[in-house]
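# Geometric and topological summary
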Amino acid sequence: MLSRRCYELMTARVSALYSGAASQFAAAVRPLAALLIAAAIISIVLIALGASPLAVFADLWRGAFGNWLATTDTMVKAMPLVFTGLAIAIAFQGAMWNIGADGQLVVGAIVAGAIGPALHGWPHPIAIAVMFAAGAVGGALWGGIAGILRARRQVNEIICTIMLNFVAAQMLSWMVHGPLMEPSRAFPQSVVIAQDAQLAFYFEPSRLNFGMILAVVLAVGCYIGLFHSALGFEVRALGRNRRASAFFGLPIGRLTVGVMALSGALSGIGGAVQVSAITHRLFETMSPGWGYEAIAVALVARLNPLAIVPSAILFGALDNGSQAMQRAHGVSPELVYIIQGMVIIILVAFDAVAARGLRPTLFGFGGSAAASSDLAAEAGDA
Amino acid sequence: MLEAFLTSTIAMATPILLSALGELIVERSGVLNIGIEGAMLVGAFFGITAAYFSGSIALGLIAACAAAVALNALLAVLVVNLAVNQVVAGTAIDILALGLTGVFYRRFFGQTGSAFTITPMRNIALGPLARIPLAGPALFNQSALVYVAIALVPVVAIIISRTRYGLELRAAGERPEAADALGLGVYRIRWQALMIAGVLSGLAGAYLTMAYTNTFIEGISAGRGYVALSVVIVGRWNAWGIAAASILFGGAMALQFGLQAVGTAIPYQFFLALPYVMTVVVLAFMGGQADAPSALGEPYVRS
């Protein structure tokens, strides 16, 4: 555990900054402002494309929350974003730039999809637990590789995790064309998982399921772990200043591997939930890029696990609504990527402008300075 | 057989080499440009689109560079002027590029994205050199962009190690405070580096669509920009090392065609995954970032 003295050294220049509710409020409002500006720019793009922004946004809303089915489908679309968003939040808090949530989710799905067909006759809760554990192991392995290479060989985890995304995608393709392919060999898809491994708790008559409850529970767990445990404090300290953390005796190597494995496990569970609750088998494309979208989800949530849930629902609504938007207006679904990219850009730019002259933090300037002041206060208590 | 393999090795290595040389300049100035994938993608799309509608390869190349430079300018505002986190900003640029090219692709070429093609850039045979057995066609009967890429290797090496501009570049990447104290203008140096990289990424993208495939499919860059990032590390931030690493990775990518033609029992996905697996393995063996510019990835704020 860090002593108060060492923490004072680490944050010597931040002590007087960013305290008080007003600036915390401002930090919380900026994501909303970023979304509004993104919407304004999108409107201009839509007008340029010859569509009416108001009509498009109305259909976007209707597609996302128009009725019970649309609303629950938005939740279903948000589900994998909660898991991957938590994965990103945990990793980024520790300044591990895990861009590989996509690959970790896919590997989690592969392991769960491979074990799933063998779970015939198992009691349902145990079969489900095995599925999720399988996903967690797969994801932890994939994230852990990058963690170990970073800790032992100083391999840049950004490039490593991106490369592993491509490897995971090819592995999935091979699995559904090869070892796990359905016996009829008609389509590139795997054998259906056992009935007992198919998540049974649904909020009828929708596809919304127990997975979302698990996602919320994990979000609370991550929040407590990150902000109310010694280990979480160490992870955040590592994120603020790696060198000082090493100097004050934190087990940098173990923390690096642990954070990457945990981050991977969260994504992997997301993959397993997808297989268990939604697809019931593996397909060539399990993820439409959730691992990348999760970066936007996590940033809008200010890397706060509790805020990940509403943030994921927001982006889930965008995904879900965009399909209705495409049907009605012929606007291509790739528009969602533009929105995601712009939200991130506007948000980090806002943070930079709002905190000009402050000490550099995780996101340039003051991006998580509010969190830093919490960190300082905690160290003071310790 | 071997001749075909060598030729496709050079073809696969060219876009990686072009963008990696740009990335080298950027990283030497202290910026880690994850947005390189996005720059290559917009170059690929806007290059072929301009060539398709104008019928001019030259206009296509200009459009490719302009699009990539514009994207890098946005990145420069973020990571140089606003000093935001370079990984986050670069990733956002990549996502944005995927969206922009996707939306405009469907806008210009229909909802189904029906395949469109252009007359590709012609290969230029360098006289008798092109008739050298084995290596001749690979090195001396290629598109102009291949020659540009090869010629740029010594040029970039000399600029970085032997010119005043190279010295400024390295100063900004190693000790930005000191460079600023000497009045070198770290912001200006990093901006310039990103603009140069924009041109090179644009050419790399243009090579993909206008010389190699003659068409565009969504996400055609397929991680080549990220491979270029690895190539810079494997090449130890040195133009010659980067050239060697590019050929190595180009060879790994070309292997799939060679071995598919021979018809092995190994699933094709293994060959598609090979360059990415190789990246991780090579980085794991080489380890370390000891040769990296000291200030790489650190936002610099003039105080």
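What you see is a predicted model, and the numbers here were worked out from it, not measured in a lab.

### Notes on the overall build of chain B
- Looking only at helices and strands, chain B features 12 helices and 2 strands.
- Relative to the compact-globule value of 19 Å for 303 residues, chain B shows a C-alpha radius of gyration of 19 Å, a close match.
- With 303 residues in all, chain B has 56% of them scored as buried.
- When contacts within chain B are restricted to residue pairs at least 6 apart in sequence, long-range pairs at least 24 apart make up 76% of them.

### Re the overall build of chain A
- Helix and strand counts for chain A come out as 15 helices and 2 strands.
- Expressed as a percentage of its 382 residues, the buried residues of chain A come to 59%.
- For chain A, contacts bridging at least 24 residues in sequence account for 78% of all contacts bridging at least 6.

### Some points on the environment of G113(A)
Residues and elements named next belong to chain A.
- With respect to the secondary-structure elements, G113 resides in helix α5 (residues 101–115).
- G113 gets classed as buried once you count the C-beta atoms within 10 Å, which come to 34.
- Apart from residues lying up to four places away in sequence, G113 is in contact with L180, S190, I193, V275, R281 and L282.

### Description of the interface of chain B and chain A
- Facing 42 residues of chain B, the contacting portion of chain A comprises 45 residues.
- Broken down by secondary-structure element, the contributors of at least two residues to the side of chain B that touches chain A are α4 (86–109), α10 (224–234) and α12 (268–286) of chain B.
- Of the residues forming the side of chain B that touches chain A, the biggest block, 15 residues, is contributed by α4(B).
- Classifying every residue of the side of chain B that touches chain A by side-chain character gives 28 nonpolar, 12 polar and 2 charged.

### What to know about helix α3 (residues 53–65) of chain A
All names here are of chain A.
- Given a rise of 1.5 Å per residue, 13 residues ought to cover 18 Å, and the 18 Å separating the end C-alpha atoms of α3 matches this to within 8%.
- Buried residues of α3: V56, D59, L60, G63 and A64, and no others. Angular distribution of buried residues about the axis of α3 spans 130°; they occupy a single face of the element.

### Here's the deal with the packing of helix α3 (residues 57–81) of chain B against helix α9 (residues 186–213) of chain B
Residues and elements named next belong to chain B.
- The contact between α3 and α9 brings their axes to 7 Å, and the two run at 145°. When the axes of α3 and α9 are compared, the crossing they make is right-handed.
- In the contact of α3 with α9, the residues fall into 20 nonpolar, 7 polar and 1 charged.

### Notes on the packing of helix α4 (residues 68–93) of chain A against α5(A)
All names here are of chain A.
- Across the interface, α4 lies against α5 with an axial gap of 10 Å and an inter-helix angle of 125°. Looking at the two axes, α4 sits oblique to α5. Note on packing geometry: the crossing formed by α4 with α5 is right-handed. Across the interface between the two elements, P80, T84, A87 and I88 of α4 pack against A101, Q104 and L105 of α5.

Conventions and cut-offs
- Residues numbered from 1 in each chain as written.
- Chains lettered and ligands numbered in written order.
- Predicted model: local features only at pLDDT ≥ 70, side-chain atom pairs only at ≥ 80, totals over all residues.
- Helix = DSSP H or I, 4+ residues; strand = E, 2+ residues; numbered from the N terminus.
- Rg over C-alpha atoms; globule rule 2.2 N^0.38 Å.
- Buried ≥ 20, exposed ≤ 12 C-beta atoms within 10 Å, placed from the backbone.
- Contact = placed C-beta atoms within 7 Å.
- Nonpolar A, V, L, I, M, F, W, Y, C, P; charged D, E, K, R; others polar.
- Expected span 1.5 Å × (residues − 1).
- Arc of directions from axis to C-beta.
- Axes fitted to C-alpha atoms, helices over the stretch in contact; angles between N-to-C directions.
- Left-handed = near helix turned anticlockwise from the far one by under 90°.
- Parallel < 35°, antiparallel > 145°, perpendicular 65-115°, else oblique.

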